[in-house]
Amino acid sequence: MARACALGAAAGVWLAGASACGAGFTFPPYAGDAQGRTERVEVEIAAPDAALRHYTLHSSQAQRDDAPRTRSVDEHAGAPRLRSANPLFDALFALAVDDARLDSVDAIRDGAYDDGRPIAARVFQTGEQWTYVWTRDLSYAAHLGLAWFDPARTAASLRFKTSAFRAGFQPPSTLPADSLQIVQDTGSGGSWPVSTDRVAWAWGAEAALDALAPADRAAFAALALAALRGTLAADREAAYDPESGLYGGEQSFLDWRTQTYAPWIVDDLTRLAGSRALSTNVDEYQALRLAARLAAEAGAAAEAARYAQWAAGLKDAINAAFWIDELQRYASVTSADARPIAIAQFDMLGTALAVISGVADGARARDALAHYAWAPFGPPVIEPQQPGVAVYHNRAIWPFVTAYAVRAAALAGNPVLVDRGIDSLLRGAALNLSNMENLEWLTGLPRYDDGPVINSRRQLWSVGGYLGTVAGTLFGMQPTPQGLRIDPYLTPHLRRLLGPGASAELRGLRYQGRAFEIRLLLPRQRRAQGRWRVAEVRLNGRRVAGVIAAADLRDEGNLVEVRFGALEPGDERATTVPTVDPRSRDDARVYAPAAPGLELETDARGSVTLHIEDRSHADAPRRWRIYRDGRLLGQGLQSTTWTDAAPAPGVRHCYVVQAQFEPAGHRSQTSAPRCVEAGAVQRIAPDGTARIERAGRYAVEVEYDNHEQDIQTGVTNAVKRLRLLDAAGHEVAGGIIQMPQIQPVDGRHPLRWSTPLRTRLAVGRYRVEIDDYFNMSALQSNAHYGGPGGRAGIVNAARMTAVRFVALP
């Protein structure tokens, strides 16, 4: 085995400051960690010139859960493999292929389904510690790289996450006949539509469709259209808000409520359901675009046009609601208000998906990426970090999100961020001998301080992210609806990564059943920034113009060669967090302030005084931002009291405040809303009648109790159709309301208010009728679930105690 060599000047990412000597590589610690240590990874190749290699990797870093510090990996015939002049780079690609092989199973299991017994299914499991198939994990993994790696298994896995309704259940008549539903897995408040990111399925489905051979594609396209038809129709009824033009529901992937939302959200999940998330709305946009494409292919022109129109409207609404112009960034979430507040919290997944989808155009794409603050070993999944919260989504790097950051940066033309993202992926895989679920955000360790609280090896989306970054970004293999596009993204930094050789090859690839390899004919190494332009692509010696169709490929033995031209400059902007103590839980340079408390005081004149409770402990000046009904009333305020002298009478006004650290500018989550309702609320029994004496905008809400299960899991969010009838019995308004599961308080079952139905009402008398819509317990897939709404039957129930009509401004 070759000896390891020492680093030169550490630059915070492994290759930027590392040197290689034979097959040994060293990695610097985080500069802010006084106890940090340099780690080493060494690689042995039993027979370097063999067609199929055997690698042994050794890491000096202590492994998560005391796993061995050595791993052996064999290449297999018919599987992709990499050949460059960098033995570690070759070995890590083989390791990712092996991770994917280990995640390819014939049976899955989870304690919540069939009592943990194996369920026969030739699919991808989610990771070493996650032995089931989860919709979002699978879908992002497929989109990032698994779809081309194993199209058939990808399609089978995606099919597993669709479902018909249970036998005997009558679906809502508004859903298309013979349609299916994409499964929203168990989750916050009893799942859909508190959680609505099941539409992330469309990313994986599109990638599978572009990789499948024609005969297999036809069958999967039909299934995909049926699943999208049913899902999009249901989401349009249950999650879409016509006032904002957005879809409600929590963030995609960031679904551990107190990790990325204000702590008070656990006591008011209807606010979570009514909030809007950037990532989830971009997922919905992707689903609409794919549905339009598939409907057009099926000859349903009017349906395709409708989906395309919805997608165009959603793109405009996303840009209007989430873009914060003063910061040149997309907010992760908005409030649940009719006039949504863009909360100045940011996440890389949502940002990257906005760029990749085309929701973020041109300058916005470049600015949003350039202003996102990276840690030394990669981009944290959120920023700023949340104070006093353990490592998992908070204070963490997730490799699959980093892979999306790389893809977005390549599209936006930022070679600096491409380099940093690829360094992050390689460092994490090398030191941990697997593609991990997550890493602590500053040290890059698999466990540091208080987390990550769980961390699985060979996490599926991390595996897909690594494979896709190497094959799709660096080697440029990009299946499209038209054919195979070859567009490598090669920077001087990545050229050095590939070692001193004159070429690098990715072998054992397949496109629609035909084998091929890609050979990069590498330019001379340079100390510069930018990206080499692709000058020429040749297939079997013949120059290619445009994409490569499957028919252009021989059954075996296809060689794609890429020559490079001039080195072109790109957007070299990048933002890096300051060096801070990794054990700090509230350093104002990298943490948001704690969400403040708020109490209201009214007087006889109708003025409202706000009393703000500062809950942050960081040593930094604070300023306050005050909102009423979603509208900013004041900012830069220093006092913790503020008076609204003249709010309009007779309507409900709701106030929230935000703290802001100076000079860093990081803003908190909002306080819990506090409302004044004098003369604005009329409360009636569920079967009672309300008398509206002043025409205007109203919110109709139902008081309820739903304690079917804990708030973090289950499928029993009560989802109902509320119809508003006038004195003559005519329906004047209607819509879907939610009554999510409620967290007990001091052992009691408190009552909460449902999501609102907002509408305009004329003077008159009104009553409500409430009927079942459906929730995830109605799906056949959940007939195997062990909790409420599972094997014992559908549960879509809440105890309803009152209805209120609230006059709105």
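Computed from a prediction, not measured in an experiment: that's the story for all the values here. (Residues numbered from 1 in each chain as written. Predicted model: local features only at pLDDT ≥ 70, side-chain atom pairs only at ≥ 80, totals over all residues. Heavy atoms only, no water.)

## Overview of the overall build of the protein
Along the protein, the regular secondary structure elements total 15 helices and 46 strands. Scaling as 2.2 N^0.38, a compact globule of 809 residues should have a C-alpha radius of gyration of about 28 Å, and the protein matches this with 27 Å. Taken over the C-alpha atoms alone, the protein extends approximately 85 × 60 × 50 Å along its principal axes. The buried share of the protein, taken over its 809 residues, is 62%. In the protein, 70% of the contacts between residues at least 6 apart in sequence involve partners at least 24 apart. When the accessible surface of the protein is totalled, it reaches about 28,800 Å², and 48% of it is carbon and sulfur. (Helix = DSSP H or I, 4+ residues; strand = E, 2+ residues; numbered from the N terminus. Rg over C-alpha atoms; globule rule 2.2 N^0.38 Å. Buried < 20%, exposed > 50% of the residue type's maximum accessible area, 1.4 Å probe, protein only. Contact = heavy atoms within 4.5 Å. Areas by Shrake-Rupley, 256 points an atom, 1.4 Å probe, with all protein chains shown as cover.)

## So, the sheet that holds strand β16 (residues 333–334)
Sheet architecture is open: 3 strands sit in the order β13-β16-β17, paired in antiparallel fashion. Edge strands, defined here as strands with exactly one partner in the open sheet, are β13 (276–277) and β17 (342–343). As paired elements, β16 and β17 share 2 bridges and run antiparallel to each other. Following the sheet pairing, V333 is matched in β17 by I343. (Pairing = 2+ DSSP bridges.)

## Details of the packing of helix α2 (residues 135–149) against helix α3 (residues 151–160)
At their nearest, the axes of α2 and α3 sit 8 Å apart, and the two run at 155° to each other. In terms of orientation, α2 lies roughly antiparallel with respect to α3. Contacts between α2 and α3 pair L138, S139, A142, L146, A147, W148 and F149 from the former with P151, T154, S157 and L158 from the latter. Partitioning the contact of α2 with α3 into residue classes produces 8 nonpolar, 3 polar and no charged. (Axes fitted to C-alpha atoms, helices over the stretch in contact; angles between N-to-C directions. Parallel < 35°, antiparallel > 145°, perpendicular 65-115°, else oblique. Nonpolar A, V, L, I, M, F, W, Y, C, P; charged D, E, K, R; others polar.)

## Things to note about the sheet that holds strand β45 (residues 764–772)
The sheet built from 4 strands is open, its strands ordered β39-β45-β41-β42 with antiparallel pairing. The open sheet is flanked by β39 (690–692) and β42 (731–739), the only strands paired with a single partner. Within the sheet, the average angular offset between the axes of one strand and its neighbour, ignoring direction, is 30°. Sheet topology note: the strand β41 (residues 718–726)/β42 ladder contains 8 bridges and is antiparallel. Bridge assignment links R723 to a residue of β42, and that residue is G734.

## As for the packing of α2 against helix α4 (residues 201–211)
At a closest axis distance of 7 Å, the pairing of α2 and α4 adopts a crossing angle of 25°. In terms of their interaxial angle, α2 and α4 are classed as roughly parallel. Seen from above, α2 lies across α4 with left-handed handedness. For the pair α2 and α4, contact is made by T135, S139, Y140, A142, H143, A147 and W148 and by W201, W203, G204, A207, A208 and A211, respectively. When its residues are assigned to classes, the contact of α2 with α4 shows 9 nonpolar, 4 polar and no charged. (Left-handed = near helix turned anticlockwise from the far one by under 90°.)

## Examining the pairing of strand β46 (residues 799–807)
With 4 bridges joining them, strand β38 (residues 681–684) and β46 adopt antiparallel strand pairing. Note on β46: the bridge partner recorded for V681 is V806. Pairing geometry for strand β40 (residues 696–705) and β46, over 8 bridges, is antiparallel. Across the sheet, Y704 pairs through a bridge with M800, a residue of β46.

## Re the packing of aromatic side chains
Throughout the structure, instances matching the rule amount to 25 aromatic pairs. Judged by centre distance (4.9 Å) and plane angle (55°), the ring pair of Y132 and W134 falls under tilted. Of the two residues examined, Y132 and W134, each falls in the buried class. Relative to F160, the ring of Y132 has its centre 6.0 Å away and its plane inclined at 75°; by these criteria the two rings are edge-to-face. Within this pair, whereas Y132 is found in the loop between β8 (119–124) and α2, its partner F160 is found in helix α3, the two being separated by 28 residues in sequence. Assessed through its relative accessible area of 25%, F160 is described here as partly exposed. Of the aromatic side chains, those joined through ring pairs into one cluster are Y140, F253, W256, Y392, W398, F400, Y404 and W461. In this arrangement the basic side chain of R306 is found over the ring face of Y307, its NZ or CZ atom lying 5.3 Å from the centre. (Phe/Tyr/Trp six-rings, centres within 6.5 Å; stacked < 30°, edge-to-face > 60°. Lys NZ or Arg CZ within 6 Å of the ring centre and 35° of its normal.)

## Brief notes about the pairing of strand β31 (residues 597–602)
As paired elements, β31 and strand β32 (residues 608–613) share 6 bridges and run antiparallel to each other. Looking at β32, one finds that G597 is bridged to E613. Counting the residues in the hairpin turn of β31 and β32 gives 5 residues, including G606, whose phi is positive at 95°.

## Brief notes about helix α13 (residues 415–432)
Here α13 contains 18 residues, and its C-alpha end-to-end distance of 26 Å stays within 8% of the 26 Å for a straight helix at 1.5 Å per residue. Most of α13 sits inside the fold, with 18 of its 18 residues counted as buried. At the N-terminal boundary of α13, the capping side chain belongs to N414, with an oxygen 3.2 Å from the backbone nitrogen of V416. One or two positions beyond α13, positive phi appears at L433, with a value near 55°. (Expected span 1.5 Å × (residues − 1). Polar contact = N/O pair within 3.5 Å; in protein donor to acceptor, adjacent residues only side chain to side chain.)

## Some thoughts on unusual backbone geometry
Excluding glycine, a negative phi dihedral is what most residues carry, and trans is how most peptide bonds are arranged. For the peptide bond that leads from E383 to P384, omega is -5°, which places it in the cis range. Relative to the elements of secondary structure, P384 occurs in the loop between β20 (382–383) and β21 (396–397). Cis geometry marks the peptide bond from E662 to P663; its omega dihedral reads 5°. Topologically, P663 is positioned in the loop between β36 (653–661) and β37 (674–676). One non-glycine residue, D65, adopts positive backbone phi at about 55°. By secondary structure assignment, the location of D65 is in the loop between β4 (54–59) and β5 (70–74). In this structure, D629 takes a positive phi of about 55° despite not being glycine. Tracing the chain through its elements places D629 in the loop between β33 (622–628) and β34 (631–637).

## A closer look at the pattern of salt bridges
Considering all chains together, one arrives at 62 salt bridges under this definition. Here R136 and D255 are joined by a salt bridge, their closest N and O atoms 3.0 Å apart. Of the two residues, R136 sits in helix α2 while D255 sits in the loop between β12 (246–247) and α6 (257–260), which places them 119 residues apart along the sequence. Take R136: its relative accessible area is 15%, and that puts it in the buried class. On the accessibility criterion, D255 (24% relative accessible area) is partly exposed. The partner of D185 in a salt bridge is K161, with the nearest N and O atoms 2.7 Å apart. (Salt bridge = Lys/Arg side-chain N within 4 Å of Asp/Glu carboxyl O.)

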